[in-house]
Amino acid sequence: MSFKDDSAGADSRAFVLGPILVLSTIFLLTMSLAMVSHKIGLSTPAPVLAAGSIIFCCAVAVLAILGLRHIGRYEKLGFTDSLTALPNRRSLHVDFQKHDRAGQEIALALIDLDGFKLVNDHYGHFVGDAAIRECATILKDLAGDEASVYRLGGDEYALLISGPVAGTLLEGLCRRLIERLAKPVSVDDRRLTLGASIGLSRKVPGEKLSSSELLRRSDVAMYASKRGGKMRCTWFSAAFDQSREQLKEMDDELRAGLANREFRLNYQPLVDSRTRKVVAVECLLRWERADGKRVGPNIFIPVAEESGLINAIGLWVLRQACCDALEWDDITLSVNISAAQLRNPEFPIQLGHILEETGFDPERLELEITETCLVLDPVVAERSLAVIRGFGVKISLDDFGTGYASIGFLRQFRFEKLKLDRSLVVQAGEDEGSRAMMLSSITVARAMKMGVTAEGVETQDQADMVRAAGCDQIQGWLYFKALPAEEIAQHLGKPVGTATPTELRDSKVA
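Worth saying up front: this structure is predicted, and the values here are computed from it rather than measured. (Residues numbered from 1 in each chain as written. Predicted model: local features only at pLDDT ≥ 70, side-chain atom pairs only at ≥ 80, totals over all residues. Heavy atoms only, no water.)

Trainee: Is there a simple way to explain the overall build of the protein chain in this structure?
Mentor: A count of helical and extended segments in the protein chain gives 19 helices and 17 strands. Taking all 510 residues of the protein chain together, 43% fall into the buried category. Here the contacts in the protein chain between residues at least 6 apart in sequence split such that 69% fall between residues at least 24 apart. (Helix = DSSP H or I, 4+ residues; strand = E, 2+ residues; numbered from the N terminus. Buried < 20%, exposed > 50% of the residue type's maximum accessible area, 1.4 Å probe, protein only. Contact = heavy atoms within 4.5 Å.)

Okay, here's the thing in structure tokens:
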């Protein structure tokens, strides 16, 4: 709501002026009738006119007193959040103007709760509202007289401080808030873990900066905190705006690239550790722009995830990969799924439509997801995976050994395959500790009836090590680089050798 919006005040003034205008009209009509009566010779007793005048004046006075009280009440409501009783966004803009006129430094923090969506999804809006009120209480207790606290809407709050060291005080306050929200928050009989991402901005004396711009900068910095891993506070930097412009440009290029068919798929075969035959292929996305420049997935995938374009790109990848793999009998097709796709509640339905349209056997499809996909939104992920498994599609945990997956985590999501990250394979060949970690991971996977694939195998020693450790499949440049779809069929059904040193160098370039 803009601070110029005065609808509440207008309503309250109408509440007062309306009855007064009605009484005034009645009084004027009465006086007019009295004057007409006097002219035609009918006399109106003076005491009646006097009494009428006195009653009118008293009524107007009473209405004015009551109305002024209501005006104050309505205007206060216009500056207050109804759920938490905190000052609202409108109040923030007005307070900023007061501090700005004083000519002091102003610092603003925008606070967004990290886990609020999960609370709403899991427990419902009643508990969500209670969590919002409890966080408001925590904020007020922490801020005390040091800062003004506002609720901007949804799960967003703001803190405003003015004074010579406003920025320093605000940052310290925000760090204490992050520490507090890292602990469970008690709501009714539940203990909820919320956390917060915070964006900070400031206006120094003499700087021409509006409250809306300061709020925008804090919002940009808050999203930088979220991208940086959440549970942190970040000061706004001019580089953020430059980065946003670059992201916008790449987003436009991505959309054009998808429309102009600039994306292509390569496939890296996975080899059975015993027979050395190709048993699966992993689909890998490549983008070669119209100007000939190649852009790596590590650059454009995060941009696509942030803009939401990853859903359209991901569906194109799935559909194209299923069409390509129709000709490769009995070969499993492995496709990577991003966290944003898995959080999309429509994704399982869209996957079902693709399987039906292409006629691809769902039991030959394997979706690879990372630990991050599941940790960010475990409730939604578990629901989506249950639907996907209902089609007969397998689920593989990719990049195992780089994150925070526990045994309980593996049991909760029941993966069909575990893919050991390249870094774990490399380290296992260099020190006993990493080797013991790799062996224990394989043992756990075996106990849970999961297959195990070793990724990033580049040397024969590494291949011998993971084969002896019990890995079912081996993937890496030792056997294959990523190949175009038309080159896959020639490698099926027969044992493969290892790549030559020259081929390894070429695959690394590709």
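On we go from here.
Trainee: Teacher, can you tell me more about the side chain of Thr 332 here?
Mentor: Tracing the chain through its elements places Thr 332 in strand S11 (residues 332–336). A relative accessible area of 19% places Thr 332 in the buried class. Residue contacts for Thr 332: discarding those within four places in its chain leaves Val 279, Ala 280, Val 281, Arg 364 and Glu 366.

Trainee: I tried to follow the sheet that holds strand S7 (residues 233–235) on my own but got confused; where do I start?
Mentor: Hydrogen bonds along the backbone pair up the strands of a sheet, which may run parallel or antiparallel. Pairing is mixed across the open sheet formed by five strands, whose spatial order is S2-S3-S1-S6-S7. At either margin of the open sheet sits one strand with a lone partner, and together these are strand S2 (148–153) and S7. Recorded for the sheet is a direction-independent mean angle of 20 degrees between the axes of neighbouring strands. Pairing of S2 with strand S3 (residues 156–162) involves five bridges; the strand directions are antiparallel. Opposite Val 149, over in S3, you have Leu 159 as the bridge partner. The strands that helix H6 (residues 166–181) touches are strand S1 (106–113), S3, strand S6 (196–203) and S7; relative to S6, the one it contacts most, it runs at about 175 degrees. (Pairing = 2+ DSSP bridges. Axes fitted to C-alpha atoms, helices over the stretch in contact; angles between N-to-C directions.)

Trainee: Teacher, can you tell me more about unusual backbone geometry here?
Mentor: If a residue is not glycine, its phi is most likely negative; likewise, a peptide bond is most likely trans. Phi at Ala 85 is positive, roughly 65 degrees, even though this residue is not glycine. Looking at the element boundaries, Ala 85 is found in the loop between helix H2 (46–78) and helix H3 (89–102). Positive phi is not limited to glycine here, since Asp 330 has a value of about 65 degrees. With respect to the secondary-structure elements, Asp 330 resides in the loop between helix H10 (310–325) and S11. The exposure class assigned to Asp 330 is exposed, which follows from its relative accessible area of 71%.

Trainee: Mind showing me how you'd approach the packing of aromatic side chains here?
Mentor: Any two aromatic rings considered together are summarised by their centre-to-centre distance and by the angle between their planes. All chains considered together, the criterion is met by six aromatic pairs. Taking the centre distance of 6.2 Å and the plane angle of 80 degrees together, the rings of Phe 236 and Phe 240 count as edge-to-face. Across the pair, Phe 240 and Phe 236 agree in class, each one buried. Summarising the aromatic geometry, the rings of Trp 287 and Phe 300 are spaced 5.5 Å apart at their centres and angled 85 degrees between planes, so their arrangement reads as edge-to-face. With Trp 287 in strand S9 (residues 278–288) and Phe 300 in helix H9 (residues 297–307), this pair connects stretches of sequence that are 13 residues apart. By relative accessible area, which is 2% here, Trp 287 ends up buried. When its relative accessible area of 0% is taken as the criterion, Phe 300 is described as buried. Put simply, the rings of Phe 263, Trp 287, Phe 300 and Trp 316 touch in pairs and so form one group of aromatic residues. The ring of Trp 235 has Arg 202 sitting right over it, with the charged end atom 4.0 Å from the ring centre. (Phe/Tyr/Trp six-rings, centres within 6.5 Å; stacked < 30°, edge-to-face > 60°. Lys NZ or Arg CZ within 6 Å of the ring centre and 35° of its normal.)

Trainee: What exactly am I supposed to notice about the packing of H10 against helix H12 (residues 347–358) here?
Mentor: Axes are the key here: two packed helices are described by the angle between their axes and the distance separating the axes. Closest axis-to-axis distance for the H10/H12 pair is 10 Å, and the angle between their directions is 25 degrees. In terms of orientation, H10 and H12 fall into the roughly parallel class. Regarding H10 and H12, the two cross each other, and that crossing is right-handed. Contact residues: H10 offers Leu 315, Leu 318, Arg 319, Cys 322 and Cys 323, while H12 offers Phe 347, Gln 350, Leu 351, Ile 354, Leu 355, Glu 357 and Thr 358. (Parallel < 35°, antiparallel > 145°, perpendicular 65-115°, else oblique. Left-handed = near helix turned anticlockwise from the far one by under 90°.)

Trainee: Help me understand the pattern of salt bridges in this model?
Mentor: When their charged atoms lie close together, side chains carrying opposite charge are able to pair. Enumeration over the complete set of coordinates arrives at 25 salt bridges. Put simply, Arg 190 and Asp 189 hold a salt bridge, and the shortest N to O gap is 3.8 Å. For Arg 190, a relative accessible area of 29% puts it in the partly exposed group. For Asp 189, a relative accessible area of 68% corresponds to the exposed category. (Salt bridge = Lys/Arg side-chain N within 4 Å of Asp/Glu carboxyl O.)

Trainee: I keep staring at the pairing of strand S12 (residues 365–369) and nothing clicks. Help me out?
Mentor: In regular strands, side chains alternate between the two faces of the sheet. Of all five residues that make up S12, five are buried, and the element is covered over most of its length. Burial along S12 is two-sided: Leu 365, Leu 367 and Ile 369 and Glu 366 and Glu 368, pointing in opposite directions, are all buried. Here S11 runs beside S12; their pairing, made up of four bridges, is parallel. When the sheet's bridge partners are listed, Leu 333 is paired in S12 with Leu 365.

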